[in-house]
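# Tertiary structure, described
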Amino acid sequence: MKRDKHEKLMDLAKRRGFIWPSFELYGGVGGFYDFGPLGSVLKEKIIRKWREYYVIREGFFEIDSPSILPEEVLKASGHVDHFIDLMTECQKCGTPFRVVDVIKEVTGEDIEGMPREEVQKFMDEKHVRCPDCGGELGSIFEFNAMFRTMIGPGTKRIGYLRPETAQTIFIDFKRLHRYARGKIPFGIVQIGRGFRNEISPRQGIIRLREFTMAEAEVFFDPQDPHHPKFSNVAGKKIRLWLASDQEKGKTETMEIKAEQAVKNGIVCNELMAYYIVLTKHFLIDLGIPEGAIRFRQQTPGQRAHYSSETWDAEVLTERFGWVEVAGLAYRTDYDLRRHSEFSGEDLSVFLPEERRKVICHVIEPSYGIDRTFYCVLEHSFVQEGNRTYLKLKRELAPIEAGVFPLLNRDGLPEKAITVLESLRLKGFHVEYDESGSIGRRYARADEVGTPYCVTIDHQTLEDDTVTIRDRDTTAQVRVKIEELPKALNLLLREGAALQDVGVPMGL
RNA sequence: GCGGCCGUAGUCUAGCCUGGUCUAGGACUCAGGCCCUCCAAGCCUGAAGCGCGGGUUCAAAUCCCGCCGGCCGCACCA
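In this report, we go over the structure that sits alongside the text.

Thresholds, definitions, all that
Residues numbered from 1 in each chain as written. Chains lettered and ligands numbered in written order. Predicted model: local features only at pLDDT ≥ 70, side-chain atom pairs only at ≥ 80, totals over all residues. Heavy atoms only, no water. Helix = DSSP H or I, 4+ residues; strand = E, 2+ residues; numbered from the N terminus. Pairing = 2+ DSSP bridges. Axes fitted to C-alpha atoms, helices over the stretch in contact; angles between N-to-C directions. Contact = heavy atoms within 4.5 Å. Near = heavy atom within 4 Å. Polar contact = N/O pair within 3.5 Å; in protein donor to acceptor, adjacent residues only side chain to side chain. Buried < 20%, exposed > 50% of the residue type's maximum accessible area, 1.4 Å probe, protein only. Core = buried A, V, L, I, M, F, W, Y, C linked by side-chain atoms within 4.5 Å.

Here glutamine 203 is to be found in the loop between β10 (186–195) and β11 (210–220). For glutamine 203 and threonine 253, which are 50 residues apart along the polypeptide, the C-alpha to C-alpha distance reads 25 Å.

A separate point is the sheet that holds β11. Taken in spatial order, the 9 strands line up as β3-β10-β11-β19-β16-β15-β14-β12-β13 in an open sheet, and their pairing is mixed. Edge positions in the sheet fall to β3 (61–63) and β13 (254–257), since each of these pairs with one other strand and no more. Adjacent strand axes in the sheet meet at a mean angle of 30°, parallel and antiparallel pairs treated alike. Across 3 bridges, the pairing between β3 and β10 is parallel. Residue pairing across strands places phenylalanine 61 opposite isoleucine 188, the latter belonging to β10. Running at roughly 160° to β10, helix α2 (residues 37–57) makes contact with β3, β10, β11 and β19 (361–368) of the sheet.

Looking now at the protein's contact with RNA strand B. Close to RNA strand B lie 45 residues; Phe83, Arg207, Arg303, Ala304 and Arg444 are nearest. Between glutamine 203 and RNA strand B, the recorded distance is 3.5 Å, taken from a backbone N or O atom to a phosphate oxygen. Arginine 440 places a polar side-chain atom, nitrogen or oxygen, 2.8 Å from a phosphate oxygen of RNA strand B. Elements represented by at least two residues in the surface near RNA strand B include exactly α1 (5–15), α4 (79–83), α16 (438–447) and β25 (465–470).

On a regular strand, one side chain projects to one face of the sheet and the next to the other, so that they alternate. Counting buried residues along β10, 9 of its 10 residues qualify, which places the element largely inside the surrounding structure. With 10 bridges joining them, β10 and β11 adopt antiparallel strand pairing. In the sheet register, glycine 194 faces β11, and the bridge partner there is phenylalanine 211.

Before going further, it helps to spend a moment on the nonpolar core. Within the largest apolar cluster, 75 residues are counted, with the highest numbers of intra-cluster contacts made by Phe18, Tyr54, Leu240, Tyr275 and Trp311. Considering every element that reaches this core, the biggest residue donor is helix α12 (residues 270–285), with 10 residues.

Structure follows, in structure tokens:
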């Protein structure tokens, strides 16, 4: 049986310390993954790049708040109503139903809000049966996509692990708005864990029960949905798959300039279009090919309860097809309005120049970091003949350079270690390897995407020069040891070409 | 959650049907060494495995049951 790319990649990921299933010692638990020594660093570097985009370039403010939320918050946000459902299943045909829906369908009565204990009785009394096949419905069970827990002793205070990081941003809105010195639009980001108790998590790291998300909430005046830098992206093309086309069964996407998409009313406003383009650039910057990126408009039935328009950034993968890595939702004023209502606190802002009050609207770009991580790995996985390597962007590679002695003798290992240590003192993430042949060491480094290898050979002992080898081309240049940090810095952080930092070596 | 298939070192796999020299074999990998003046060479040595639990049996990797996990399909993914 031929093993596909995904399987080979996952072998590599487990073997070389990127990711593996959690709790393996105890048989494993579905929906949880550990990030190993290299995976942690890669993930961190993806997050670092995300911050470059949203915190540095957009100038958004980052917060970091608890993962456990008290029940009131999620009642206000609508998650308690939309995430926790009483379910039943037809004993004959196996179709699962939301109890509220099936009762409404069969009896026409709306039992929303009825205490759980009475619902079963109600169903029995009304002899509710399967609307599809007439079969008997099984007993009611609770399907709770949020992890519930208790805050403090006793059972008085119910808490949930957050299903998204966004909520505390809305809750902190007044302080954050003041921090932003009252000007809108402004953006707040949060990077952290989210939790969803998936029924059957599958597809490895694509659907996790605990995952890392990076979310930005952009607050703006609904009468002025402009982005100050929109002109920078107005002419950029984006690939869209419209909801209306999906409903018609059409699989074709359309390519359109951001500006046009807003003008034609395809995308709701400038801000949304701006962040669609930004998301595309971010993904390309991570090494995802442009052709493997599209934006799918969610159909009304697929949208979250808080969203009036959602665009999913999808990346094409070999194994899973198009995978959603980010969702851009127009949350309107839903969250701030609900939190105003439930808390009694006025969360509107006053616009002094126009002398009016407004509840800010929100555009939310929300990224699944674990899925992005997978897509980055899959798209960097290269097999050429018997050579396998990760063509990771230099700035993402967990190990920045390998340092090897050409041979295991003549003082080369000792010299290599002094070079290694000097690079470490300069802040480079470098690793030493003297096991096996030089070719094997290069192969090992290539396999985890290490972009450069520094080799100490006999000439080093004579003139204090070393070679730097490029992962993708295997070409080498020779540089002086004292210029090595500068050379690596140019290569890793300034995007310099190999031949610009040293003397090419003919071999 | 339902149905089908599956679970042997770090990875891939032989063995399972037809229980017994299986003290579980191989390849790759990994560690130590030899050799070696640049791309997974070769040689020596070593580490490492039957998902978990129960049952049947004189005897279980092998047969049976339960659980856990994985893959595929349905549903779910707000």
